[in-house]
Amino acid sequence: MGKPAEILPGTLDMLILKAVSLEPLHGYGVLLRIRQISGDALEIPQGSLYPALYRLEHQGLLAAEWGQSENNRRAKYYTLTGAGRRRLREETAGWNRLVSAIAAALNTTSEEV
Amino acid sequence: MLARIRSLLRALVSRRDFEAGMTEELRFHIEQYTDELVRSGIPPEEARRRARMDFGRVDTVKGDCREARGLMLFDELSREFRYAARLLRKTPGFTTTALLTVALCLGANLTIFAVIDSILLRPLPFPDAQRLVTLYNTYPKAGVERDGSSLTNYYERRGRTPAFSSLSIYRFGTAIVGEPGSTEREQTTHVSPDFFTTLGVGPFMGRGFTEQETTYQTNAVAILTYDYWRQHFNADPHVIGRQIRVDDLPKTVIGVLPPGFHLLSSQAQLYFPLASRPEDRAPRRRHAGGNVIQMIARLKPGATLDRAQSQIDAQNASLETDDPQAKMIADAGFRTIVTPLHADHVAAVRPTLLLLQAGVLVLLLIGTVNLANLLLIRANGRAKEIAVRQALGASRTHLVREVLVETTQITLFGGLIGLAVAAGGIRLLTVLGADRLPLGAQIAFDARLALAALLAAIAMGIALAMPIIWLHFRGSGNALRSETRSATTGRAAQTLKQGFVVAQIALAFVLLAGAGLLGLSLKRAMAIYPGFEADHVLTGQVSMIGKKYPAASAGLAFTDRLVDELDRQPGVLSAGVVNNVPFSGRSGKSAATVKGYVRRPGEPLLGHYSYGVGGDYFRAMGFHLRAGRFLKAADSRRPERVCVVDEDFARHYWPHTSPLGHQLFQGSEPGPDTEAFTVVGVVDSIKQAGLTDETAQGAVYYPYIYRPESDIFVVTRTSIPLESLRLTLQRVVRQVDPELSANDIQSMGDRIADSLVSRRSPALLAGLFCGIALLLTGIGTYGVLSYAVAQRGREIGVRMALGAQPSQIRTQFLTLALRLFIGGTALGSVGDWLTGKAMQSVLFHVPALSIFALGCAAGIMALISLVACLLPANRAARISPMQALAEQ
């Protein structure tokens, strides 16, 4: 397993929404969860995580609430709102279309042209 | 979108919580990360360093988070706001002038706007109020512009005019309410059963009036207003069915109106059914309106005013065919006008209010131009700084925003003070009689006004920023160059400033001349002779309550005793009674038929003022006798009927002969000879409706017994101060009948003065606006010339070093001032002419372009400009060459 890959531009929001959709998380938890569900393949730049979280909350896709962390510290937990769930569905579908289109394009052999 | 605004607002409102939360969240993250690194075997010290490094600069992240929340713009704005505030604090003189200018100009505008808003703009407080119309009969050729509607009209029209969903009538009145011993005079309204349906607002408790309650046998019911219910019944929830005494008759309360219910300007507290007898509704009473009963109708959805008008016209035409008086009615130009209720109610004050609003808008324009000039001068001082910043890469948006923040800051604070000025202004207007305007009682300082102030302040701030932005960006290199040489400022900027001064002078000139026209009109109106000697006359109103004075003879007995008693009081020269004093606000007319007079074909029957007089009315009021004799108290008791006519009446019917000895009848038809009145005297024509009323209406004075009314005016002429007679009048009325009292006691002088309030108050206000405008113009002219002198200090120094005389320098600046003044007045004269034409409807005997008013205005303007430019010109002449050159 090599060094974790930088995430593609534009996919950060989608990954955050996905991570939070599994269970409510605090910021650091989002980071860990993305690392975990991507099999340590993706690493989020820490500095851009929080602006993204704030932006998603501002857009009403995430809701935030203060709670207790696993080690009994006060932490801000993010949950997915209804709008967030819809957005995640759309983005996932869009992403899948894009991936299969690119894959199809890349798998094309010279005979098929 | 809504979610975003809410999230931004939450962050803005609890900004401290937002910041603290963000700090805590980020710290938590870094600590968790450090812990993880420590767990993976890195020494704590090293782990902390690594964690901070991997996270990046906390401040940058925080900034990004704030931006994500949309807070950046606000942070920057508040920074610029503080910066602008600091700059303003450094120049207290400028700031005070600017704030006061904005406060006065906006305050004056808000004051007048408050009046316009509540009187002209705000819809009447009824559902779909724009569909409410009023109908009235008019007989223009008989001199009767407005005669209300008759009962017959109502019963003939309701349900038969398809354009109306509902039609009703009402009549204002007063009544004595309460048990004997604790009675009060209340304003009342008698209404037809469908009145509340027409308005769309009915009792919130109990019920409205029914058709059965419109006869004199069944009308013993009343509906109370909310206020009356609260004040007199302690808001008793079981008030329905309780009894009250009205004019000594019992009435049952059947309903209570919702809070705030009022019809137009009426303050009526009690509503009664409008009862009548069948004969009052008969066709021959169709034209007996007398402007007592008014009609309101509601247009059906989709029905237009034009359709309603044509339906009413058609109905009138078909009804008149079987009217024996049809010819006479047609000759009088009879028509029934259908017109929007609100617009009709405020039609009389509309031109004056719009004129005043135009006046204050001009004032606002002067203030804005003045402020723009001051700001330009100020901005000039910073032109170099701005140019350098631009050269160093400051963004245009940033600079524009900076200017906007500065100007709106001034206008917003000024607007705030302006609101206080408006609060005071509304008070002042009340003193000047604004609350007596139609709907004037509704004038209020409210949220709408505050919102208007906010919008106006922001608009003014943006307008003020424009010239400065223009100055900064008209070729950025330009400013840098001209400022470094610091010889002369940009020619364009100077021209703009001088142009502003010219505009200011022109506007102030227009305002001044407009106020002059109003003042001149007032003066001309005040100089009119009312037809009698109004000094030393005290008048008061007495209402004889129906039950005790059913017959005219009882009324006569009362008035005779009253006059006798008054005559005995010390200081009373003569006393009399009349059913309607001049300037009482009532000016109803009725017909008289001169025996033997044949109207020319097409000549309508005229309406005349008709008075019933008792005692020594003519001497008490100060009439001049032109022929014959006055009426005497005894004329009411003598079998032969006599009357006195005025000169207008005499001139109309007997242009070539003396009217004495001729006979006339009351009403529109000749009667039997026994009912003829013989003319025994001719008196001067008087002004009944107001000093500026110029129609020769004609008047007939009958002895009281032939024109008895229960509402009379007592008139006393005295040699002692009027104030001391006031109590005597009260006492004598009580002495003659303890149950009666004298109301509305006023001297004739006051009544006349009151009748001019619609001319005096606008003239006073216009004068006030002019004062402010002149002050502003003075400041503006002075500011620009001072600046010109300061800018050209070096040039002047050089010229003086080369031998120029101080007087030459002074002349140069005076010439500049003269040019500005001439430009301004020339432009202003054109404006004056247009203003005068627009004002024609409110002027009285004054031409649109009054040379006198123009001359005065020009003189005052010249004086102000001269003073404003003499000071800087003198300073220029005293510049010492050495000093001027050394300073640069």
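Here is what the cut-offs are and how they apply
- Residues numbered from 1 in each chain as written.
- Chains lettered and ligands numbered in written order.
- Predicted model: local features only at pLDDT ≥ 70, side-chain atom pairs only at ≥ 80, totals over all residues.
- Helix = DSSP H or I, 4+ residues; strand = E, 2+ residues; numbered from the N terminus.
- Rg over C-alpha atoms; globule rule 2.2 N^0.38 Å.
- Buried ≥ 20, exposed ≤ 12 C-beta atoms within 10 Å, placed from the backbone.
- Contact = placed C-beta atoms within 7 Å.
- Nonpolar A, V, L, I, M, F, W, Y, C, P; charged D, E, K, R; others polar.
- Pairing = 2+ DSSP bridges.
- pLDDT = per-residue confidence, 0-100.
- Arc of directions from axis to C-beta.
- Core = buried A, V, L, I, M, F, W, Y, C linked by C-beta atoms within 7 Å.
- Domains from an automatic or database assignment.
- Axes fitted to C-alpha atoms, helices over the stretch in contact; angles between N-to-C directions.
- Parallel < 35°, antiparallel > 145°, perpendicular 65-115°, else oblique.
- Left-handed = near helix turned anticlockwise from the far one by under 90°.

Undergrad: Where do I start with the overall build of chain A in this structure?
TA: The secondary structure content of chain A amounts to 4 helices and 5 strands. Listed by position from the N terminus, the elements making up chain A come as β-α-β-α-β-α-β-β-α. A compact globule built from 113 residues should have a C-alpha radius of gyration of about 13 Å, whereas chain A, at 17 Å, is more than 25% larger. For chain A, the spread of C-alpha atoms along the principal axes amounts to about 60 × 35 × 20 Å. Out of the 113 residues in chain A, the part that is buried amounts to 30%. Considering only intrachain contacts with a sequence separation of at least 6, the fraction spanning at least 24 residues in chain A is 49%.

Undergrad: I tried to follow the overall build of chain B on my own but got confused; where do I start?
TA: When you go through chain B residue by residue, the secondary structure sums to 28 helices and 21 strands. Over its C-alpha trace chain B gives a radius of gyration of 37 Å, far above what one expects of a compact globule, namely 29 Å for 888 residues. For the C-alpha atoms alone, the extent of chain B along its principal axes is close to 120 × 90 × 60 Å. Across the 888 residues of chain B, 40% fall into the buried class.

Undergrad: Explain the interface of chain B and chain A to me, please; I cannot follow it from the model alone.
TA: When the parts of a complex come together, some accessible area is lost, and that lost area is often used as the size of the interface. Of the residues lining the interface, 21 residues belong to chain B; the matching set on chain A comes to 16 residues. Of all the secondary structure elements, the ones that give two or more residues to the side of chain B that touches chain A are helix 1 (2-13), helix 2 (15-39), helix 3 (44-55) and helix 4 (58-68) of chain B. Looking at the side of chain B that touches chain A, the element that brings in the most residues is helix 2 of chain B, giving 8 residues. A breakdown of the residues in the side of chain B that touches chain A according to their chemical character gives 8 nonpolar, 7 polar and 6 charged.

Undergrad: In this structure, what is going on with the sheet that holds strand 5 (residues 74-80) of chain A? I would like to understand it.
TA: Working definition: the strands of a sheet are paired by backbone hydrogen bonds and lie parallel or antiparallel to each other. Spatially, 3 strands are ordered 2-5-4 (chain A) in an open sheet, and the strand pairing comes out antiparallel. Single-partner strands in this sheet number two, and they are strand 2 (25-26) and strand 4 (62-68) of chain A.

Undergrad: Quick question: what am I supposed to make of the confidence of the model for chain A here?
TA: Low pLDDT marks regions whose predicted coordinates should not be analysed in detail. Here chain A shows a mean pLDDT of 85. Residues at 70 or above account for 95%. No element of chain A has a lower mean pLDDT than strand 1 (residues 5-6) of chain A, at 67, and none a higher one than helix 4 (residues 82-107) of chain A, at 91.

Undergrad: What should I look at first to understand helix 4 of chain B in this one?
TA: For the α-helix, the turn length of 3.6 residues means that residues three or four positions removed from each other point alike. The complete set of buried residues in helix 4 of chain B reads Val61, Cys65 and Ala68 of chain B. Along the long axis of helix 4 of chain B, the arc covered by the buried residues comes to 60°, so they all point the same way. Seen from the open side of helix 4 of chain B, the exposed residues pointing more than 90 degrees away from its buried face are Asp59 and Thr60 of chain B. Where helix 4 of chain B is buried, its residues meet helix 3 (46-58) of chain A together with helix 2 of chain B. Gly70 of chain B, located one to two residues past helix 4 of chain B, shows a positive phi value of around 80°.

Undergrad: Is there a simple way to think about unusual backbone geometry in this case?
TA: Residues and elements named next belong to chain B. With a phi angle near 50°, Asp128 is a residue other than glycine that sits in the positive phi range. With respect to the helices and strands, the residue Asp128 is situated in the loop between helix 6 (92-121) and strand 1 (132-138). Phi at His536 takes a positive value of approximately 65°, unusual for a residue other than glycine. In this fold, His536 is placed in the loop between helix 18 (491-526) and strand 11 (537-543). With 20 C-beta atoms packed within 10 Å, His536 lands in the buried category.

Undergrad: Teacher, can you tell me more about the nonpolar core here?
TA: A general trend in soluble globular proteins is that nonpolar side chains are found buried together. All names here are of chain B. Judged by nonpolar contacts, the single largest core of 110 residues is most densely connected at Leu363, Leu511 and Phe769. Every residue in contact with Phe769, bar those within four places of it in the chain, is listed here: Ala108, Gly359, Val360, Leu363 and Leu511. Judged by nonpolar contacts, the second largest core, of 57 residues, contains Val645, Val700, Tyr701 and Tyr702.

Undergrad: Which parts of the structure should I look at to understand the domain arrangement of chain B?
TA: Per the domain assignment, the segments making up chain B are domain 1 (2-70), domain 2 (145-331), domain 3 (350-526 + 757-887) and domain 4 (545-739). Between the C-alpha centres of domain 1 of chain B and domain 4 of chain B the distance comes to 93 Å.

Undergrad: Teacher, can you tell me more about the confidence of the model for chain B here?
TA: Averaged over every residue, the pLDDT of chain B is 85; the share at 70 or more is 97%. Ignoring residues within four places in sequence, the model shows residues 483-488 of chain B, a span with pLDDT below 50, making 7 contacts including any to other chains.

Undergrad: What's the story with the environment of Thr408 of chain B in this structure? I'm lost.
TA: Residues and elements named next belong to chain B. If you trace the backbone, Thr408 turns up in helix 15 (residues 396-431). The exposure class of Thr408 is buried, given the 21 C-beta atoms found within 10 Å. What Thr408 contacts, discounting residues up to four positions off in sequence, is Ile458 and Gly461.

Undergrad: Would you mind going over the packing of helix 6 of chain B against helix 16 (residues 447-473) of chain B with me for this structure?
TA: Describing two packed helices takes the angle between their axes plus the distance from one axis to the other. Residues and elements named next belong to chain B. Interaxial distance between helix 6 and helix 16 falls to 10 Å at its minimum, and their mutual angle equals 140°. Looking at the two axes, helix 6 sits oblique to helix 16. Classified by chirality, the crossing of helix 16 by helix 6 is right-handed. Across from Val102, Leu106, Asn109, Leu110, Phe113, Ala114 and Asp117 in helix 6, the residues of helix 16 making contact are Arg448, Leu449, Ala452, Ala453, Ala456, Ala457 and Met460. Looking at the contact of helix 6 with helix 16 residue by residue, the classes come out as 11 nonpolar, 1 polar and 2 charged.

Undergrad: Help me understand the environment of Val115 of chain B, please; the structure alone is not making it clear to me.
TA: Residue and element names in this part refer to chain B. Secondary-structure assignment places Val115 in helix 6. You can call Val115 buried: it has 23 C-beta atoms within 10 Å. A C-alpha to C-alpha distance of 7.4 Å links Val115 and Gly440, two positions 325 residues apart in sequence. If sequence neighbours within four positions are ignored, Val115 has contacts with Leu353, Leu429, Ala434 and Ile443.

Undergrad: In this structure, what is going on with the packing of helix 24 (residues 757-791) of chain B against helix 27 (residues 851-877) of chain B? I would like to understand it.
TA: Residue and element names in this part refer to chain B. The geometry of helix 24 relative to helix 27 is characterised by a closest axis approach of 9 Å and an angle of 25° between their N-to-C directions. Judged by the angle between their axes, helix 24 and helix 27 are roughly parallel. Relative to helix 27, helix 24 is oriented so that their crossing is right-handed. On helix 27, the residues touching Leu774, Thr777, Gly778, Thr781, Tyr782, Leu785, Ser786 and Val789 of helix 24 are Ile860, Ile864, Ser865, Val867, Ala868, Cys869, Leu871, Pro872, Arg875 and Ala876. Class assignment of the residues belonging to the contact of helix 24 with helix 27 gives a composition of 12 nonpolar, 5 polar and 1 charged.

Undergrad: For this particular structure, what's the right way to read the pairing of strand 5 (residues 221-224) of chain B?
TA: Working note: regular strand, side chains alternate between the two faces of the sheet. Residues and elements named next belong to chain B. One ladder, built from 4 bridges, connects strand 5 with strand 7 (residues 249-256); its direction is parallel. If you follow Leu224 over to strand 7, its bridge partner there is Val256. Where strand 5 and strand 8 (residues 270-273) come together, 2 bridges link them in antiparallel fashion. Its bridge partner lying in strand 8, Leu224 is registered against Leu270.

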